[in-house]
Amino acid sequence: MIEVIESESRKLLGRLRDTLAEDTAGQERLDHITHLIADSMQAEVCSIYLFRDEQTLELCATEGLNADAVHKTRLKVGEGLVGRVARKKRIVNTIDAPSERGFRYMPETGEEIFSAFIGLPIQRLGETLGVLVVQSKERRCFTEDEVYALEVVAMVLAEMAELGAFVAEDSAIGALHTRPEMFKGTVAQEGVASGQVYLHEPRVVVTNPVTDDPVAETKRLIEAIDTLRVSVDDMLADVPQGDKDQREILEAYRMFANSRGWMRRMSEDIALGLSAEAAIEKEQSLARTRLEHSPDPYLRERLHDLDDLSNRLLRILTGQGENTGAEMPENPILVARNIGPAELLDYGKGKLKGIILEQGSVGSHAAIVARAWAIPLIVHAEGISTEALNGDPILLDGERGTAHLRPDETVQAAFKDKMAMHHKEQMRFADLVDEPALTLCGNEVKLHMNAGLMVDLPSLKTSGALGVGLFRTELQFLIRSSFPKRSELTSLYSRVMDAADGKRIVFRTLDIGSDKVLPYMAPQDEPNPAMGWRAIRVGLDKRGVMKMQLQSLIRAANGRDLSVMFPFVAQLEEYRAARKIFEGVLEQERKLGHVLPRHYEVGVMLETPSLAFAPDAFFEEADFISIGGNDLKQFFFAADRENERVRRRYDTLNVSYISFLKQIVDRCKLHDTSVSFCGEDAGKPLEAAVFAAIGFRALSMRPASIGPVKSLMRGVDLGALNEIIEKASREGKQSIREDLQSYLAQNEVAY
Ligand code: PEP
Ligand code: MG
């Protein structure tokens, strides 16, 4: 039986391929295909529905249904059985369609007389292009083998669609990758950019989805897998000793490359008539669909591995993809499903104009690199990496979080105005670089910048920052594949201090844990990592690492001033213990004959509410305090900063939160301890102005935020802002924002 199906299926695929070679128009080809499939399946009906837009499926060809319904019958995703296949990306196979839940009667097609129904998603690499339906009057259930054969057919249809085989004159079946598309994502770094798509992983184009020589095709696949195995073994041999994680990933690759199940499934697909490339893509598509539905992080990782491995295999077979010499277009805007910080850094500063990711997150390390480069970045732009082609024109609006792919003229014109305005604003900020952030009432607020990598340092000059208020030392650890040595750290910190040229840099000791997982440290399986074993908690438990870092800082200072700050301290005793370690290391260094810092200060990040209520001794003993608002706010409101659903739910200008911050500032003032704010909110002009009003005289932010914050600061009177805050509080308002906005509008202060 299987052999019969195999030869029948191969025959059908052979015919489908012949339709590709024919010089016919797209519609004619589709009509022919539905006829061929219905005939081969001995069914009365075969229909092909393709997406007209994101939400609408359109009947594009049919054998057996009313021909007048073609291009007229439309369904929303989720509507009827066809819509259900599209939404769930799963097969629906039923003996009695009309009695199925969700069945939608479409009189124009006359379909109620058909009983058996099978619908399959036409998908390529996880992206659904349409639905293939076969129906029959007879109450029959399509067998497993028939389903399998139809899956293969659907795969070939997807490849044909990708090749533009169904493009028709009337716009109902538009060419793929040609229409203007808008993608909505989440802003991870503001800014606007106009340029051309540059794909991080260029797509492989499969021009031969069908074969009539399965033996030769299987041989090609085996040879490619052999090459792949050798390359994985070579990569494994190159992994430095001790790089456990890299080794583990490659071991998983090797496991897949040797997986009999994987090989068997692909060989079966080839036996049914698919080419080696199409068989790989079919497996890859299935893996991507499973990936979307799997909540298990381990399984997701493995499916990612399989995806990557499939890409490598495709590249081996086709010679396309990476390193094909695809030229970087002018004004490249990088489009990727996801990217790691190291891969991103490989592109080099100043090359890319912007980045659009399908996955990623606002707090990801790639986002941190994009911020350091001050280029716009949007994440969660779903579907863009499969839709965009290298060189496509694209406009990136990092204010709204949108990307316009192949924009039409109206969008282009509107965007041009936006770019011009943005440019004008940048010029205005540039004029303020050497000016102080002096309020109308004569208070100066010192603006510092946040940094974490050597590439950030040049921004000290260009942004007008007075120093680095927060140097996140963990970034250097995160972008590496193995633990840095003390000498390497010393040299790095020394270069950072050289680049700062005497300006103050506050080095925060390692804040690992939570979302910042070092690739070479055993991951901790914690129920709630943001409140788990992170930052100073790791430092105090693993003193060797902390001491090594402190030693590197002291040696790098080499007689210069040194400011060190401990993250995530929750009680006085933790600060005392950390300070004691620092002083112990100093003493040891002295004994070893190293030059000690000329002057040092040991500060704390206040990012847990508990520390705001610490005993007075804490405020007396800490040399300085910096508020880590990102963490403090998430714990104040109990709203996860990484969770898109809740992270914007509570306003920073909420009256309770502002009064809480003011109490901290007042306690610091009482004990004459300097206090600054270094969370992301410090870089938002309105928030920064309110912070200044409640007493902050130092803020630290992304370099790109310094201009906008300074500009607003120079237009406000802190006394007036305080009145607004007090009034909002007296009136029991939830937030100060609205009153503040109307005050600024009335006084014509731009921000
Ligand atoms: C903060 O929590 O506000 C902060 C600056 O630290 P990070 O964002 O690195 O946790
Ligand atoms: Mg923090």
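Model, not experiment: these values are computed from the prediction.

**Examining the overall build of the protein chain**
Looking only at helices and strands, one finds 27 helices and 22 strands in the protein chain. Viewed in the frame of its principal axes, the protein chain has a C-alpha envelope of about 90 × 65 × 45 Å. For the protein chain, buried positions account for 54% of its 751 residues. Long-range pairs, those at least 24 residues apart, make up 67% of the contacts in the protein chain between residues at least 6 apart in sequence. Carbon and sulfur atoms make up 50% of the accessible area of the protein chain, which amounts to about 33100 Å² in all. The centroid of the 92 positive side-chain charges in the protein chain is displaced by 6 Å from the centroid of its 115 negative side-chain charges.

**Observations concerning the nonpolar core**
Ranked by internal contacts, the top residues of the largest apolar core, which has 120 residues, are Leu344, Phe618, Leu661 and Leu699. Per-element accounting of this core gives the leading share, 8 residues, to helix α23 (residues 655–670). Three or more residues apiece are contributed to this core by two domains, here domain 2 (181–200 + 330–415) and domain 4 (436–746). Look past the residues within four positions of Leu699 in its chain and what remains in contact with it is Val445, Lys446, Leu447, His448, Phe677, Ala682, Ala688, Phe691 and Met713. Membership of the second largest hydrophobic core comes to 40 residues, among which are Cys46, Leu120, Leu129 and Val147.

**Topic: the sheet that holds strand β12 (residues 377–379)**
Pairing in this open sheet of 8 strands is mixed, and the strands run β7-β14-β13-β9-β10-β11-β12-β8 from one edge to the other. Strands at the two margins of the open sheet, each flanked by one partner only, are β7 (181–184) and β8 (186–189). Here the average twist between neighbouring strands, direction ignored, is 30°. Looking at chain direction, strand β10 (residues 332–336) and strand β11 (residues 354–357) are connected through 4 bridges and run parallel. Note that in β11 the partner of Leu334 across the bridge is Ile355. Across the sheet, helix α13 (residues 409–431) touches β9 (192–199), β13 (393–397) and β14 (402–405), and the angle it forms with β9 is around 120°.

**Looking at the environment of Leu389**
Positionally, Leu389 belongs in the loop between α12 (384–387) and β13. Using a relative accessible area of 27% as the deciding quantity, one classes Leu389 as partly exposed. Taking the C-alpha atoms as reference points, Leu389 and Leu199, 190 residues apart in sequence, are found 7.2 Å from one another. Apart from the residues within four sequence positions on either side, Leu389 is in contact with His177, Val197, Leu199, Arg203 and Arg406.

**Quick word on the pattern of salt bridges**
Counted according to the given criterion, the structure contains 45 salt bridges. Residues Asp392 and Arg406 are paired through a salt bridge, measuring 2.5 Å at the closest nitrogen-oxygen approach. Remark: Arg406 occurs in the loop between β14 and α13 and Asp392 occurs in the loop between α12 and β13; sequence separation between them is 14 residues. Take Asp392 and Arg406: they sit in the same class, and that class is buried. Each member of the salt-bridge network shares a partner with another, and the members are Glu474, Arg508, Asp511, Arg534, Asp631 and Arg641.

**Examining a negative patch on the surface**
A cluster of like negative charges, contributed by Asp18, Glu22, Glu28 and Asp31, occupies part of the molecular surface. Along the chain, Glu22 falls in the loop between α1 (2–21) and α2 (26–41).

**Some remarks on the packing of aromatic side chains**
The description of an aromatic ring pair rests on the distance of the ring centres and on the angle between the ring planes. Summed over the entire model, instances satisfying the criterion amount to 17 aromatic pairs. Relative to Phe618, the ring of Tyr575 lies with its centre 6.1 Å away and its plane at 90°, an arrangement referred to as edge-to-face. Here the residue Tyr575 occupies a position in helix α19 (residues 572–591), and Phe618 occupies one in helix α21 (residues 616–621), the gap between them amounting to 43 residues. An identical accessibility class is assigned to Tyr575 and Phe618; each is buried. By way of ring pairs, the aromatic residues Phe613, Phe636, Phe637, Tyr650, Tyr657 and Phe660 are connected into one cluster. The ring of Phe624 is capped by Arg504, whose NZ or CZ atom sits 4.9 Å from the centre of that ring. Here Arg534 stacks its cationic end above the ring of Phe568, 4.0 Å away from the centre of that ring.

**Some details on the sheet that holds strand β4 (residues 92–94)**
The antiparallel open sheet is built from 6 strands, whose spatial order is β3-β2-β1-β6-β5-β4. The outermost strands of the open sheet, each flanked by one partner alone, are β3 (74–76) and β4. This sheet shows a mean twist of 25° between the axes of neighbouring strands, independent of strand direction. Here strand β2 (residues 56–63) pairs with β3 via 3 bridges, running antiparallel.

**Side note on the coordination of the magnesium ion (ligand 2)**
Only Glu607 (OE) and Asp631 (OD) from the protein coordinate the magnesium ion (ligand 2), and they sit 2.1 to 2.2 Å from it. Here Glu607, found in the loop between β19 (600–606) and α20 (609–612), pairs with Asp631, found in helix α22 (residues 629–636); they are 24 residues apart in sequence, far enough to count as distant. By relative accessible area, Glu607 is classed as buried at 2%. For Asp631, a relative accessible area of 2% translates into the label buried.

**Some words on α13**
At 3.6 residues per turn, the α-helix brings residues three or four places apart onto the same side. Along its 23 residues, α13 runs 33 Å from first to last C-alpha, staying within 8% of the 33 Å computed at 1.5 Å per residue. Among the residues making up α13, those that are buried are Phe415, His422 and Phe429. Contact partners of the buried residues in α13: β9, β13 and α25 (703–713).

**What to know about the domain arrangement of the protein chain**
Parsing the protein chain into structural domains produces domain 1 (8–162), domain 2 (181–200 + 330–415), domain 3 (214–318) and domain 4 (436–746). Its C-alpha centre places domain 1 at a distance of 36 Å from the equivalent point of domain 2.

**Points about a positive patch on the surface**
A contiguous patch of positive charge, built from Arg87, Lys88, Arg90 and Arg101, is present on the exposed surface. With respect to the secondary-structure elements, Lys88 resides in helix α3 (residues 80–88).

**Considerations on unusual backbone geometry**
With phi around 60°, His380 is a residue other than glycine that occupies positive phi space. Here His380 is to be found in the loop between β12 and α12. The phi torsion at Arg406 lies on the positive side, around 45°, for a residue other than glycine. Given the relative accessible area of 8%, Arg406 is considered buried.

**Here we look at the pairing of β14**
Side-chain alternation along β14 places Thr402 and His404 on one buried face and Ala403 and Leu405 on a second face that is also buried. The pairing of β7 with β14 spans 4 bridges and is antiparallel. Each bridged residue has a counterpart across the sheet, and for Met182 the counterpart in β14 is His404. As judged from the 4 bridges shared by β13 and β14, these two strands associate in the antiparallel manner.

**Concerning the site of ligand 1**
Taken together, 14 residues surround ligand 1, and among them Arg472, Arg508, Gly628, Asn630 and Arg641 come closest. The separation between an oxygen atom of ligand 1 and a polar side-chain atom of Arg508 is 2.8 Å. With respect to ligand 1, the backbone of Asp631 contributes an N or O atom lying 3.0 Å from an oxygen atom. Secondary structure elements with two or more residues in the shell around ligand 1: β16 (468–472) and α22. Considering each element in turn, the shell around ligand 1 owes the most residues, 3 residues, to α22. The residue makeup of the shell around ligand 1, split by class, is 3 nonpolar, 4 polar and 7 charged.

Definitions and limits used
Residues numbered from 1 in each chain as written. Chains lettered and ligands numbered in written order. Predicted model: local features only at pLDDT ≥ 70, side-chain atom pairs only at ≥ 80, totals over all residues. Heavy atoms only, no water. Helix = DSSP H or I, 4+ residues; strand = E, 2+ residues; numbered from the N terminus. Buried < 20%, exposed > 50% of the residue type's maximum accessible area, 1.4 Å probe, protein only. Contact = heavy atoms within 4.5 Å. Areas by Shrake-Rupley, 256 points an atom, 1.4 Å probe, with all protein chains shown as cover. Lys, Arg positive; Asp, Glu negative; His and termini not counted. Charge placed at Lys NZ, Arg CZ, Asp CG, Glu CD. Core = buried A, V, L, I, M, F, W, Y, C linked by side-chain atoms within 4.5 Å. Domains from an automatic or database assignment. Pairing = 2+ DSSP bridges. Axes fitted to C-alpha atoms, helices over the stretch in contact; angles between N-to-C directions. Salt bridge = Lys/Arg side-chain N within 4 Å of Asp/Glu carboxyl O. Patch = residues over 30% accessible without salt bridge, like charges linked within 9 Å, V, L, I, M, F, W, Y side chains within 5 Å. Phe/Tyr/Trp six-rings, centres within 6.5 Å; stacked < 30°, edge-to-face > 60°. Lys NZ or Arg CZ within 6 Å of the ring centre and 35° of its normal. Donors = N, O, S within 2.8 Å, 3.2 Å for Na, K, Ca; no water. Expected span 1.5 Å × (residues − 1). Near = heavy atom within 4 Å. Polar contact = N/O pair within 3.5 Å; in protein donor to acceptor, adjacent residues only side chain to side chain. Nonpolar A, V, L, I, M, F, W, Y, C, P; charged D, E, K, R; others polar.

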